[in-house]
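# Per-entry structural report
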Amino acid sequence: MNELGNISISSDVVATIAESVITEIDGIYSLAGNAPKNEITKFFQSVSSTGNKGIDVEVGETECTLDLYIIAKLGYQLPALAGEIQTKVVKAITEMTGLKVQEVNVYIQKVVKDTHENLTEIPEPVEIAEENN
């Protein structure tokens with residue numbers, strides 16, 4: 001609370017910030033939907049607006065904690081990738097919300113081969129040499 005009143009930041013806001021940062025990191029294939037921990041969690045996830053998108057956030061008055069469920073691309077050093085995620089998520093959330101980030105737990109759920117090549121790139125045309133007969 002400040003002298004003008006209360007400020008409350010939703011867990012959805014924190015999750016959106018984290019998601020935008022994560023999707024920009026090279027080596028991340030996608031977020032993974034995490035399995036609900038129990039029936040109560042499963043119920044609340046089914047009625048929440050955000051659903052289960054691979055990010056769990058707990059927000060207090062001045063701090064927050066995040067659990068991130070990641071699918072990584074094959075060929076990246078996973079501890080370094082997780083460290084980069086933690087550093088960038090903490091920085092973005094702190095700068096945008098002023099919340100102190102207590103923990104960013106990264107759970108790498110799966111590693112996949114990245115089969116999506118840059119499809120916007122058009123190959124150079126191949127010139128065919130004509131034979132003079």
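Source: prediction; values computed, not measured. (Residues numbered from 1 in each chain as written. Predicted model: local features only at pLDDT ≥ 70, side-chain atom pairs only at ≥ 80, totals over all residues. Heavy atoms only, no water.)

With that settled, consider the overall build of the protein. Counting secondary structure elements, the protein contains 3 helices and 4 strands. Traced from its N-terminal end to its C-terminal end, the protein shows the element sequence α-β-α-β-β-α-β. Among the 133 residues that make up the protein, the fraction classed as buried is 29%. Intrachain contacts of the protein at a sequence separation of at least 6 include 72% that bridge at least 24 residues. (Helix = DSSP H or I, 4+ residues; strand = E, 2+ residues; numbered from the N terminus. Buried < 20%, exposed > 50% of the residue type's maximum accessible area, 1.4 Å probe, protein only. Contact = heavy atoms within 4.5 Å.)

Attention now goes to helix 1 (residues 11–22). Compared with the 16 Å implied by 1.5 Å per residue over 12 residues, the 16 Å span of helix 1 between its first and last C-alpha is a close match. Those residues of helix 1 lying buried are Val14, Ala15, Ile17, Ala18, Val21 and Ile22. With its buried residues spanning 160° around the axis, helix 1 presents them on a single face. (Expected span 1.5 Å × (residues − 1). Arc of directions from axis to C-beta.)

This part covers the environment of Gln109. Relative to the helices and strands, Gln109 is located in strand 4 (residues 100–112). Given a relative accessible area of 44%, Gln109 falls into the partly exposed group. Between the alpha carbons of Gln109 and Leu31 there is a distance of 9.1 Å; along the sequence they are 78 residues apart. In this structure, Gln109 is in contact with Ala32, Tyr69 and Ile70, ignoring residues within four places of it in sequence.

This part takes up the environment of Lys88. Residue placement: Lys88 occurs in helix 3 (residues 78–97). Each residue touching Lys88, except ones within four places of it in the same chain, is listed here: Val21 and Ile25.

Across all of its chains, the model carries 3 salt bridges by this definition. Put simply, Glu95 and Lys91 hold a salt bridge, and the shortest N to O gap is 3.7 Å. Taken together, the residues span about one helical turn, with Glu95 and Lys91 both in helix 3 at a distance of 4 residues. Considered together, Glu95 and Lys91 belong to a single accessibility category, that of exposed residues. (Salt bridge = Lys/Arg side-chain N within 4 Å of Asp/Glu carboxyl O.)

Below, the discussion takes up the packing of aromatic side chains. By the definition in use, this model includes 1 aromatic pair. Relative to Tyr107, the ring of Tyr69 has its centre 5.0 Å away and its plane inclined at 15°; by these criteria the two rings are stacked. Remark: Tyr107 occurs in strand 4 and Tyr69 occurs in strand 3 (residues 63–73); sequence separation between them is 38 residues. A relative accessible area of 8% means that Tyr69 is categorised as buried. (Phe/Tyr/Trp six-rings, centres within 6.5 Å; stacked < 30°, edge-to-face > 60°.)

Right, let's get into the nonpolar core. Formed by 24 residues in total, the largest nonpolar core has its most connected members in Ile22, Ile55, Leu66, Leu68, Ile85, Val89 and Ile93. Looking at this core, the elements that each hand over two or more residues are helix 1, strand 1 (28–31), strand 2 (55–59), strand 3, helix 3 and strand 4. Of the residues forming this core, the biggest block, 6 residues, is contributed by helix 1. Among all residues touching Ile55, those that are not within four sequence positions of it are Ala15, Ala18, Glu19, Leu31, Leu66, Asp67 and Leu68. (Core = buried A, V, L, I, M, F, W, Y, C linked by side-chain atoms within 4.5 Å.)

Quick look at the packing of helix 1 against helix 3 now. One can describe the packing of helix 1 onto helix 3 by two numbers: an axis separation of 9 Å at closest approach and a directional angle of 135°. Compared by their axis directions, helix 1 and helix 3 come out oblique. For the element pair helix 1 and helix 3, the recorded crossing hand is right-handed. Seen from helix 1, the contacting residues are Val14, Ile17, Ala18, Val21 and Ile22; seen from helix 3, they are Ile85, Lys88, Val89, Ala92, Ile93, Met96 and Thr97. Its residues placed into classes, the contact of helix 1 with helix 3 shows 10 nonpolar, 1 polar and 1 charged. (Axes fitted to C-alpha atoms, helices over the stretch in contact; angles between N-to-C directions. Parallel < 35°, antiparallel > 145°, perpendicular 65-115°, else oblique. Left-handed = near helix turned anticlockwise from the far one by under 90°. Nonpolar A, V, L, I, M, F, W, Y, C, P; charged D, E, K, R; others polar.)

Worth remembering: the numbers are spatial, not functional.
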